[in-house]
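Structure at a glance
Okay, here's what each chain looks like letter by letter:
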Amino acid sequence: MSDVINAAVTALNEKIEGGFDGGTAKFVLNGEGSIIVDGNGAREGDEDADVTLTADSDVFQEMLSGEMNPTTAFMTGKLSVDGDMGMAMQLGAALG
């Protein structure tokens, strides 16, 4: 597992303490790997999910730190969403 993925998993678990009950989401960090977020929390993984969010690792880190709003990232083409858009919005609010 890459250092970027390790740091992202740790940060996500801090943000969504207790897990994400909205379903299963996958974050794909271009060139680094994938993270699954579900009711058990965040972990490295690449299984199927209800929604897949894809971004460069720097964009993802900016979203986690609060420097970039996930909606802004999506609207400017820095974040792509494939699947359940409502769940993506729930996850964005949980990360906020």
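Before going into details, it helps to say that this report is about the structure given with it. Each chain has its residues counted from 1, running along the sequence as written. Reporting in this predicted model follows two pLDDT cut-offs: at least 70 for local features of residues, and 80 or more for side-chain atom pairs to be given and counted; totals over whole chains, interfaces and linings ignore these cut-offs and use all residues. Only hydrogens and water are removed before side-chain values are computed, so all heavy atoms of the structure are retained for them.

**Comments concerning the environment of Ser-80**
Secondary structure elements are taken from DSSP: a helix is a run of H or I of four residues or more, a strand is a run of E of two residues or more, and numbering for both begins at the N terminus. Here Ser-80 is to be found in strand E5 (residues 79-83). Relative accessibility decides the category of a residue: with a 1.4 Å probe and only protein chains considered, values under 20% of the type maximum give buried, values over 50% give exposed, and everything between is partly exposed. We classify Ser-80 as partly exposed; its relative accessible area is 38%. Note: C-alpha distance between Ser-80 and Asn-40 (40 residues apart in sequence) is 24 Å. Any pair of residues with heavy atoms lying within 4.5 Å of one another is described as a contacting pair. Apart from the residues lying within four places of it in its own chain, the contact partners of Ser-80 are Thr-52, Leu-53 and Thr-54.

**Notes on the pairing of strand E2 (residues 33-38)**
Counting buried positions along E2 yields 5 of 6 residues, so the element is predominantly enclosed. In the sheet, strand E1 (residues 25-30) pairs with E2 via 5 bridges, with the strands oriented antiparallel. Following the sheet pairing, Phe-27 is matched in E2 by Ile-35. Linking two consecutive strands that pair antiparallel, namely E1 and E2, is a turn of 2 residues; a positive phi of about 80 degrees is found at Gly-31 within it. Only strands joined by at least two bridges in the DSSP assignment are considered to pair. As judged from the 4 bridges shared by E2 and strand E3 (residues 41-44), these two strands associate in the antiparallel manner. Residue pairing in the sheet places Asp-38 in a bridge with Gly-41 of E3. Here E2 folds back onto E3 in antiparallel fashion, the turn holding 2 residues.

**Brief notes about the side chain of Lys-26**
Mapped onto the fold, Lys-26 is located in strand E1. Exposure remark for Lys-26: the relative accessible area of 10% places this residue in the buried category. In this structure the side chain of Lys-26 is engaged in a polar contact, spanning 3.1 Å, whose partner is the side chain of Asp-46. If we skip the residues at most four places from it in the chain, Lys-26 touches Ser-34, Ile-35, Ile-36, Gly-45, Asp-46, Glu-47, Ala-49, Val-51, Thr-52 and Leu-53. Whenever a nitrogen or oxygen atom comes within 3.5 Å of another N or O atom, the pair is scored as a polar contact, on the condition that within protein one atom can donate a hydrogen and the other can accept it, and that pairs from neighbouring residues in sequence are kept only if both atoms are in side chains.

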